[in-house]
Amino acid sequence: MFESLQMAPADPILGLAEVFRNDPRSDKINLSVGVFQDENGCTPILDVVKEAERALLDAETTKDYLPIPGEAEFGRSVRALLFGVDSNLSSGGRAVTAHAPGGTGALRIAADLLARHRHGSRLWVSAPTWPNHPGVFGAAGLETLSYPWYDATSGTVDQERFLEALRAIPANDVVVLHGCCHNPTGADADRDTWGQITTIAAERGWLPMVDFAYQGFGDGLDVDALGVRLLAQRVPELLVASSFSKNFGLYRERVGALTLVAAKPAAAEVALSQLKLVIRASYSNPPAHGGLVVSRVLGDLALRARWEDQVTAMRNRLNQMRQMLARHLADLKVGRDFSFLDKGRGMFALTGLSSEQVGVLRDTFGVYLIGSGRINVAGLTPANIDRVASAIAAVL
Ligand SMILES: Cc1ncc(COP(=O)(O)O)c(C=O)c1O
């Protein structure tokens, strides 16, 4: 069988990382990665994570399996972060949570659950979206379609076309929404738009599924959850896939969660029993380490306060880099309005540069973007931002 297989294409982003590594230029700049970096170009381990890990190492008495949906305490912490500590959804009832291997794992078990129990249901994703969405949903056998999201001219959400498309989606389908910090555009729905999304979801009856990979990286842990909270208040059923890769810097530990909100507590309990079957047949039960770290940090007042400060620092750095790049490009009078960079949120932005311009940036200036023109603003630093702005001005 293996003899007859065709070579699969290399991952476009990871393939580029390899080219970057082999580039001998000492002043090369990598804006193509998908992780947070500090001003020294490092993806740090948060010190609250280190501290929780040390405490766990001492306190841990067994490596016995976790329950299929993970520890109840982890679920409560995740829901409190999603819905707010005072929400009755945090203590359970209508909402149940399964600890999953990363946001990707959460999306996949959601997709498997949908494939088993929502026959004929199609998934709608934004155009453009995280390139792994169609892969993950397709692997569960689901058909993926796209709705308009982004207006490349203004660099913001194309409200009218987006909302019009939502109104036409049939009740049996599922609409995947980025909770905040849209990947790859950085263009998010504002409060009013979330209100309209919620109204349309309630009226049309399609199922919203929020992919929430960047809580805290936009405007704050609570503000970023606005969309999730509005939906949870007004629609009968909701799925939320959380990732703790970015906001805890726990990428390789694979920690995420799927939270399912049902109309009634009894339905949530039944749905969880079905989700457990899906998990059992997939990875059986979740990897413990990352989830235990998250629970420990969120459950300890002092650690949690310090974690919130660290998330704020990461967010402030991203927003500062967005602001600085927009200002530098305006000062260079590049003949294109880049103010959308500053209005956007999260790690990513679409520069609007063509693949040819991206090629020149890489070959001539040693500035690496992915082919779509997406940049990770976390690759910018006060030390390299001048050079990036000048290189972009030159290719324009
Ligand atoms: C939009 C989106 N969803 C989900 C994920 C998955 O995150 P994880 O690494 O936790 O699987 C990512 C990661 O880049 C993402 O950007």
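Before reading on, note that the structure itself is shown above.
Below or above, wherever it landed, is the structure these notes cover. Please read these numbers as outputs of a predicted model, since none were measured by experiment.

Looking at the side chain of H328
Phase 1 of the analysis: With respect to the helices and strands, H328 occurs in helix 11 (residues 301-331).
Phase 2 of the analysis: Looking at H328, the relative accessible area reads 18%, which means it is buried.
Phase 3 of the analysis: Contact partners of H328, with chain neighbours within four places excluded, come to I385, D386 and A389.

Quick notes on the site of the ligand
Phase 1 of the analysis: Near the ligand you find G102, G103, T104, W130, N183, D211, A213, Y214, S243, S245, K246 and R254, and these make up its full shell.
Phase 2 of the analysis: In this structure, an oxygen atom belonging to the ligand sits 2.8 Å away from a side-chain N or O atom of N183.
Phase 3 of the analysis: S245 is positioned such that a nitrogen or oxygen atom in its side chain is 2.6 Å from an oxygen atom of the ligand.
Phase 4 of the analysis: Protein chains shield 90% of the accessible area of the ligand, which is 400 Å² for the free molecule.
Phase 5 of the analysis: Looking at the shell around the ligand element by element, the count peaks at three residues for helix 4 (residues 102-117).
Phase 6 of the analysis: Taken together, the residues that form the shell around the ligand break down as three nonpolar, six polar and three charged.

Quick word on the packing of helix 11 against helix 14 (residues 385-395)
Phase 1 of the analysis: The contact between helix 11 and helix 14 brings their axes to 9 Å, and the two run at 45°. Compared by their axis directions, helix 11 and helix 14 come out oblique. Viewed along their axes, helix 11 and helix 14 form a crossing whose handedness is right-handed. Residue-level contacts link M321, M324, L325, H328 and L329 of helix 11 to I385, D386, V388, A389 and I392 of helix 14.
Phase 2 of the analysis: Residues that form the contact of helix 11 with helix 14 fall into these classes: eight nonpolar, one polar and one charged.

Basis of the calculations
- Residues numbered from 1 in each chain as written.
- Predicted model: local features only at pLDDT ≥ 70, side-chain atom pairs only at ≥ 80, totals over all residues.
- Heavy atoms only, no water.
- Helix = DSSP H or I, 4+ residues; strand = E, 2+ residues; numbered from the N terminus.
- Buried < 20%, exposed > 50% of the residue type's maximum accessible area, 1.4 Å probe, protein only.
- Contact = heavy atoms within 4.5 Å.
- Near = heavy atom within 4 Å.
- Polar contact = N/O pair within 3.5 Å; in protein donor to acceptor, adjacent residues only side chain to side chain.
- Areas by Shrake-Rupley, 256 points an atom, 1.4 Å probe, with all protein chains shown as cover.
- Nonpolar A, V, L, I, M, F, W, Y, C, P; charged D, E, K, R; others polar.
- Axes fitted to C-alpha atoms, helices over the stretch in contact; angles between N-to-C directions.
- Parallel < 35°, antiparallel > 145°, perpendicular 65-115°, else oblique.
- Left-handed = near helix turned anticlockwise from the far one by under 90°.

Interpretation in functional terms is not warranted from these geometric data alone.
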